[in-house]
Amino acid sequence: MTAARADADPAGRPAGGVPVLELDNVSMVYPGRPPVRALDRVSLAVAAGELAAVAGPSGSGKSTLLHLMGTLDKPTAGTVRITGLDVAGMTDRELAGLRASRIGFVFQQFFLAEHQSVLGNVADGLLYAGIRRDQRRLMAADALGRVGLGHRAAARPTQLSGGERQRVAIARAIAGRPPVVLADEPTGNLDSATGTAILALLEELNAQGTTVIIITHDRAVAARTRRRIEMLDGHIITDTAAGTGTAVGGGFRHVQEGT
């Protein structure tokens with residue numbers, strides 16, 4: 001069983017330093033009859049260099065949490081901070097710039113442009129960061145080298161295997177060296193051997209200093225991370241970094257009002 005850290009508060013916030021990602025008493029309610037409360041007063045902080053997994057079944061709230069962590073949506077209530085910056089008052093343009101410079105995304109579906117080369121796909125991920133074209137291509141080439149695909153820079157996505165496509169997607173996510181990478185079911189479209197290799201790559205990137213948060217329904221994937229956050233019905237029910245809680249299923253139950 002993983003021990004709770006003595007230097008963390010109930011939200012998993014480390015003592016000292018600004019978290020790279022922080023949610024404070026966040027709720028998300030979608031309109032309807034009745035309204036759907038996808039997240040209910042969730043608090044969470046992720047420190048630089050962490051390797052964490054957010055796990056839970058379908059409908060648990062993990063996808064909504066991903067959208068809020070990635071500033072793709074704004075919460076109904078509460079505060080979201082990225083590297084200490086409160087996103088509440090930001091315009092869409094400012095949010096796009098924030099995502100381009102501070103958050104890397106890896107999705108299950110890859111989202112690669114088939115008409116573009118591998119290098120072009122990775123370089124285009126830096127468009128909103130305000131970086132010159134020649135510099136974008138240099139950074140893209142460096143990122144491809146980091147994921148072991150430097151020799152495939154001129155290939156088209158259709159010429160790649162599923163595992164190679166996901167490596168390209170990871171290269172795109174890390175090309176700008178963002179403080180945090182959000183990986184949404186990164187092994188979902190891959191066979192088990194290829195999925196294991198992709199997880200090993202994410203672990204390697206984390207060892208090099210990249211903060212990685214994996215969103216998954218797969219407990220075996222979550223078990224590979226140092227910190228595991230389990231969700232159910234819009235609440236965090238387990239967080240192995242939380243400073244308070246009781247042992248539940250090998251982790252710690254995160255005690256929240258309303259759970």
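Conventions adopted
Residues numbered from 1 in each chain as written. Predicted model: local features only at pLDDT ≥ 70, side-chain atom pairs only at ≥ 80, totals over all residues. Heavy atoms only, no water. Helix = DSSP H or I, 4+ residues; strand = E, 2+ residues; numbered from the N terminus. Buried < 20%, exposed > 50% of the residue type's maximum accessible area, 1.4 Å probe, protein only. Contact = heavy atoms within 4.5 Å. Areas by Shrake-Rupley, 256 points an atom, 1.4 Å probe, with all protein chains shown as cover. Salt bridge = Lys/Arg side-chain N within 4 Å of Asp/Glu carboxyl O. Pairing = 2+ DSSP bridges.

K.L.:
Go over the overall build of the protein, please, and point to the residues and values.
P.N.:
When you go through the protein residue by residue, the secondary structure sums to seven helices and twelve strands. Burial status across the protein gives 48% buried among its 259 residues. For the protein, the proportion of contacts with a sequence separation of at least 24, taken over those separated by at least 6, is 68%. In the structure as shown, the protein presents an accessible area of about 11700 Å², 51% of it carried by carbon and sulfur atoms.

K.L.:
Can you break down the pattern of salt bridges residue by residue, with the values?
P.N.:
One pass over the full model with this rule turns up ten salt bridges. A salt bridge links Arg227 to Glu50; the shortest N-O distance between them is 3.1 Å. Here Arg227 is found in strand S9 (residues 227–232), whereas its partner Glu50 is found in the loop between strand S2 (36–46) and strand S3 (51–55), with 177 residues between them in sequence. Here the two residues Arg227 and Glu50 agree in accessibility, since each one is buried. Each of the salt bridges in this network shares a partner with another, and the network as a whole consists of Arg37, Asp40 and Arg41.

K.L.:
Describe the sheet that holds strand S1 (residues 21–30), listing the residues and the values that go with them.
P.N.:
On the basis of which strands lie adjacent, the open sheet formed by four strands has the order S2-S1-S4-S5 and antiparallel pairing. In this open sheet, the two edge strands, each paired with only one partner strand, are S2 and strand S5 (85–86). Where S1 and S2 come together, seven bridges link them in antiparallel fashion. Residue pairing in the sheet places Leu23 in a bridge with Leu44 of S2.

As far as function goes, none of this settles anything; it's purely spatial.
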